[in-house]
Amino acid sequence: QQQVRQSPQSLTVWEGETAILNCSYEDSTFNYFPWYQQFPGEGPALLISIRSVSDKKEDGRFTIFFNKREKKLSLHITDSQPGDSATYFCAARRNSNNRIFFGDGTQLVVKP
Amino acid sequence: NSKVIQTPRYLVKGQGQKAKMRCIPEKGHPVVFWYQQNKNNEFKFLINFQNQEVLQQIDMTEKRFSAECPSNSPCSLEIQSSEAGDSALYLCASSPGLGEDTQYFGPGTRLLVL
């Protein structure tokens, strides 16, 4: 059973627009949710993360909105730039030192 | 930026051959993870260590996979007899542990089994 699901699978926006990437999870014991950004040929890089005690986390142009009751979260990228074109992975984890469960990713293309 | 080092970056093996890849975690990170990322972007957790001890592992795919993190040496992941289905990006991640959440990934070793 897929523990973390992402939608859409791919997303194209114009430069300057807001990209919204969605994520949902199954296990209510997950308490930490990192988003990773991956460029072709590279490993995933941590972009932003949120703990389940918060409902929002902001870092520059990147914001996570978290709804614990619905087990959903979303990543908003405002003022999207062509350099943001990458695959974004939503992930979840239960306890420190435990494995991360990844979604299958959203491939974002930002057109200039 | 992650300082996890993985070598080699690319590895080409024939079916039945051994494939070995190495990982040097970030300095001061005692917790190390190995994941496999396939061409469909699906991640599969393989094993994790705290210092030299195994914390969690999957049923290491019919025992063909083995891993270790010896003291004062790089961690390693080895596939004893490679199969075509093992072709993937193998990612090593490290974490400070002790309640710190973040796992930092290396660039990966891309394995191609011909």
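Our subject is the structure that appears above.
This is a predicted model, so every value here is computed, not measured.

(A) Region of the structure containing the overall build of chain B. Across its full length, chain B carries zero helices and eleven strands. Along chain B, helices (α) and strands (β) appear in the sequence β-β-β-β-β-β-β-β-β-β-β when read from the amino end. The C-alpha atoms of chain B give 13 Å as radius of gyration, which agrees with the globular expectation for 114 residues (13 Å, within 12%). Per-residue burial over chain B gives 45% buried out of 114 residues. Taking the contacts inside chain B whose residues are at least 6 apart along the sequence as the reference set, 52% of them involve residues at least 24 apart. Carbon and sulfur atoms make up 47% of the accessible area of chain B, which amounts to about 5700 Å² in all. Of the side chains in chain B, 12 bear a positive and 11 a negative charge, and the two mean positions are spaced by 8 Å.

(B) Representation of the packing of aromatic side chains. Evaluation of the coordinates by the stated rule reveals 16 aromatic pairs over all chains. An aromatic cluster is built from Tyr36(A), Phe89(A), Phe102(A), Phe33(B), Tyr35(B), Phe43(B), Phe45(B) and Phe105(B), whose rings are joined through pairwise contacts. Here the basic side chain of Arg99(A) rests over the ring of Phe101(A), its NZ or CZ set 3.8 Å away from the ring centre.

(C) Broad picture of the interface of chain A and chain B. In this assembly, 20 residues from chain A lie in contact with 26 residues from chain B. On inspection of chain A and its partner chain B, the count reaches zero salt bridges. In this structure, the connection of chain A to chain B is made through seven residue pairs in polar contact (both at pLDDT 80 or more). Elements supplying a minimum of two residues to the side of chain A that touches chain B: strand E4 (32-38), strand E5 (45-51) and strand E9 (86-92) of chain A. At three residues, the largest contribution of residues to the side of chain A that touches chain B is made by E4(A).

(D) Up close: the pattern of salt bridges. Evaluated as defined, the whole model comprises six salt bridges over all chains. Note that Asp84(A) is salt-bridged to Arg61(A), the shortest N-O span being 2.8 Å. Of the two residues, Asp84(A) sits in the loop between strand E8 (72-77) and E9 while Arg61(A) sits in the loop between strand E6 (56-59) and strand E7 (62-67), which places them 23 residues apart along the sequence. Of the residues examined, Arg61(A) reaches a relative accessible area of 24% and is grouped as partly exposed. Between Glu83(B) and Arg64(B) there is a salt bridge, with the nearest N and O atoms lying 3.4 Å from each other.

(E) Geometry of the pairing of strand E1 (residues 4-7) of chain A. Residue and element names in this part refer to chain A. Taking every second residue as pointing to the same face, the buried face of E1 carries Val-4 and Gln-6, while none of Arg-5 and Ser-7 on the other face is buried. One ladder, built from four bridges, connects E1 with strand E3 (residues 19-25); its direction is antiparallel. Pairing of Ser-7 across the sheet is with Asn-22, part of E3.

(F) Region of the structure containing a nonpolar patch on the surface. All names here are of chain B. Together, Val-12, Leu-112 and Leu-114 give the surface a local cluster of nonpolar side chains, amounting to about 300 Å² of exposed area. Within the fold, Leu-112 resides in strand E11 (residues 109-113). On the accessibility criterion, Leu-112 (42% relative accessible area) is partly exposed.

(G) Spatial organisation of the state of the cysteines. Residues and elements named next belong to chain B. With the rule as written, the count across this model stands at three disulfides over all chains. Each disulfide pairs two cysteine sulfurs, and for Cys-69 the partner residue is Cys-75, the sulfurs being separated by 2.0 Å. Disulfide Cys-69-Cys-75: the torsion about the S-S bond is 110°, which places it as right-handed. Just as Cys-69 is buried, Cys-75 falls in that class too. Here the bonded cysteines of chain B are numbered in sequence order, and their pairing is 1-4, 2-3.

(H) Highlighting the sheet that holds strand E8 (residues 75-79) of chain B. Residues and elements named next belong to chain B. With antiparallel pairing, four strands are arranged side by side in an open sheet as E1-E3-E8-E7. On the outer flanks of this sheet lie strand E1 (5-7) and strand E7 (65-68), each paired with one strand and no other. Looking at each pair of strands side by side, their axes are set apart by 15° on average, direction ignored. Here strand E3 (residues 19-24) runs beside E8; their pairing, made up of five bridges, is antiparallel. Looking at the pairing, Lys-20 lines up with Glu-78 of E8.

(I) Up close: the nonpolar core. Counting residues in each nonpolar core, the largest one holds 26 residues, and the members touching the most others are Trp35(A), Leu73(A), Leu75(A) and Tyr88(A). When contributions to this core are tallied by element, the ones reaching two or more residues are strand E2 (10-14), E3, E4, E5, E7, E8, E9 and strand E11 (106-111) of chain A. One finds Leu11(B), Leu46(B), Ile79(B) and Tyr90(B) within the second-largest nonpolar core, a separate group that totals 20 residues.

(J) Quick look at the pairing of E6(A). Residue and element names in this part refer to chain A. Bridging between E6 and E7 involves four bridges; their strand directions are antiparallel. When the sheet's bridge partners are listed, Glu-58 is paired in E7 with Thr-63. In this structure, the hairpin formed by E6 and E7 is closed by a connection of two residues, where Gly-60 is found at a positive phi of approximately 65°.

Parameters and conventions
- Residues numbered from 1 in each chain as written.
- Chains lettered and ligands numbered in written order.
- Predicted model: local features only at pLDDT ≥ 70, side-chain atom pairs only at ≥ 80, totals over all residues.
- Heavy atoms only, no water.
- Helix = DSSP H or I, 4+ residues; strand = E, 2+ residues; numbered from the N terminus.
- Rg over C-alpha atoms; globule rule 2.2 N^0.38 Å.
- Buried < 20%, exposed > 50% of the residue type's maximum accessible area, 1.4 Å probe, protein only.
- Contact = heavy atoms within 4.5 Å.
- Areas by Shrake-Rupley, 256 points an atom, 1.4 Å probe, with all protein chains shown as cover.
- Lys, Arg positive; Asp, Glu negative; His and termini not counted.
- Charge placed at Lys NZ, Arg CZ, Asp CG, Glu CD.
- Phe/Tyr/Trp six-rings, centres within 6.5 Å; stacked < 30°, edge-to-face > 60°.
- Lys NZ or Arg CZ within 6 Å of the ring centre and 35° of its normal.
- Salt bridge = Lys/Arg side-chain N within 4 Å of Asp/Glu carboxyl O.
- Polar contact = N/O pair within 3.5 Å; in protein donor to acceptor, adjacent residues only side chain to side chain.
- Pairing = 2+ DSSP bridges.
- Patch = residues over 30% accessible without salt bridge, like charges linked within 9 Å, V, L, I, M, F, W, Y side chains within 5 Å.
- Disulfide = S-S within 2.5 Å.
- Axes fitted to C-alpha atoms, helices over the stretch in contact; angles between N-to-C directions.
- Core = buried A, V, L, I, M, F, W, Y, C linked by side-chain atoms within 4.5 Å.

Interpretation note: all reported values are geometric properties and have no functional meaning in isolation.
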